Amino acid sequence: MSRAPYRDLPASAYWRRSVAALPADQVDPVDETPRFGLTPTDKVMTAGSCFAQHIARYMRQSGFDAMITETAHPMISPENAATYNYGTFTARYGNIYVARQLLQLFKRAYGQFTPQEDVWDGKAGSLIDPFRPQIQPDGFASRREYDLDRAQHFAAVRKGFETLDVFVFTLGLTEGWVSKEDGAVFPLCPGTAGGAFDPDRHMFHNFTVSEIVADLTEFITLLRGVNPKARVILTVSPVPLIASASGKHVLSATTYSKSVLRVACSMLEETLPDLMYFPSYEVILGPHARGAYLAEDLRSVREAGVAHVMRLFFRKLAGADLEFGQSAAPAPAPISDAATQEMERLVKVVCDEEILDTQARTANN
């Protein structure tokens, strides 16, 4: 008699053994044998949605090389540098929510695509970069300043792509706003952080699995054209949509968006070499967490959740069991301080989407 195929499966194949029976912070959905590893000397370029900022932060605090190719002037204080989005990602491209934004960033940096709508009007005569609308508080003062900054930015992007060892990209959304003129994708709807919305020039688009797979496949092909050794890690952000223009309830729209992104990651993992998916989405939102990794707004990710993701990241990819200090994972409050025990510091991240909710609340008041 042949043995049933389930008899010899590892504990990770069974829900009760690997999920229900374990404390939340011990659940580990990462593959036991990742496709490749990570060393402290590997140059890692990070990009993507809000959640991607956590990965770079933890890597630097843990002695790993989260690349910075676009730096602020030495005379600028660290606080002001952060305000101007230096050091948030490898270069000052801000949040990249959809795959086509990433593909177009590469093409723009290498002169392969020049959007027709390349500047927006801001307040008091300032200029806004449509593809980095939140990176420069109050905008650029002149066209010359704008052009010089963008040239510097593209040089930093090229340096990152050409010298990285590992590229980590966190996919955040499927919803985006697209130029009808040339297909350029904006991180925010025109008119929210500069420019003006024009239904004759701009349209809403909800990207499909096939589109995302095609965009990322093309991006990785281009990336390996300038850097053949590039390895790629894809993750899906657990942060839900703050607003949806799809006509669906935001909960349904979020479920659709994250499902599409997750499927696209698996398809890419199955077809492309030196590419892996890392399950940060599952760690944060899986039933084992019972919502404990989300703040009261059910959107912000608590530090404990980020720490869980990053412990697995370093353990599985780098073979390092790291204990994070106060700056990364705050220690518990003293037992006697009951009020403080109920509070947990939430991570402060820059998120373009927040402007949508702010504007909606302002309009309704």
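Thresholds applied
- Residues numbered from 1 in each chain as written.
- Predicted model: local features only at pLDDT ≥ 70, side-chain atom pairs only at ≥ 80, totals over all residues.
- Heavy atoms only, no water.
- Helix = DSSP H or I, 4+ residues; strand = E, 2+ residues; numbered from the N terminus.
- Buried < 20%, exposed > 50% of the residue type's maximum accessible area, 1.4 Å probe, protein only.
- Contact = heavy atoms within 4.5 Å.
- Areas by Shrake-Rupley, 256 points an atom, 1.4 Å probe, with all protein chains shown as cover.
- Pairing = 2+ DSSP bridges.
- Axes fitted to C-alpha atoms, helices over the stretch in contact; angles between N-to-C directions.
- Parallel < 35°, antiparallel > 145°, perpendicular 65-115°, else oblique.
- Left-handed = near helix turned anticlockwise from the far one by under 90°.
- Nonpolar A, V, L, I, M, F, W, Y, C, P; charged D, E, K, R; others polar.
- Salt bridge = Lys/Arg side-chain N within 4 Å of Asp/Glu carboxyl O.

## Thoughts on the overall build of the chain
So, step 1. Secondary structure summary: the chain contains 11 helices and 10 strands in total.
So, step 2. Here the chain holds 365 residues, and 48% of them are scored as buried.
So, step 3. Across the chain, the fraction of contacts at a sequence separation of at least 24, relative to all contacts at a separation of at least 6, is 71%.
So, step 4. When the accessible surface of the chain is totalled, it reaches about 17600 Å², and 55% of it is carbon and sulfur.

## Quick notes on the sheet that holds strand β5 (residues 166–171)
So, step 1. Within the open sheet, the five strands sit side by side as β2-β1-β5-β9-β10. Their pairing is parallel. The open sheet terminates on both sides in strands that have one partner only, identified here as β2 (65–66) and β10 (275–277).

## Side note on the packing of helix α4 (residues 99–109) against helix α6 (residues 209–226)
So, step 1. Packing of α4 against α6 leaves a shortest axis separation of 8 Å and a crossing angle of 30°. Between α4 and α6, the angle falls in the class roughly parallel. Regarding α4 and α6, the two cross each other, and that crossing is left-handed. Here A99, R100, L102, L103, F106 and K107 of α4 lie close against α6, whose contacting residues are E211, I212, D215, L216, E218, F219, L222, L223 and V226.
So, step 2. Tallied by class, the residues present in the contact of α4 with α6 amount to 10 nonpolar, no polar and five charged.

## A closer look at the pattern of salt bridges
So, step 1. On inspection of all chains with the given rule, the structure shows 18 salt bridges.
So, step 2. R92 is the salt-bridge partner of D149, the closest N and O atoms lying 2.7 Å from each other. One end of the pair, D149, is in helix α5 (residues 143–163); the other, R92, is in the loop between α3 (78–83) and α4, with 57 residues separating them in the sequence.
So, step 3. R92 sits in the buried class, given a relative accessible area of 1%.
So, step 4. Beyond isolated ion pairs, a larger network of salt bridges with shared partners links R92, D129, R132 and D149.

These figures capture arrangement, not role.
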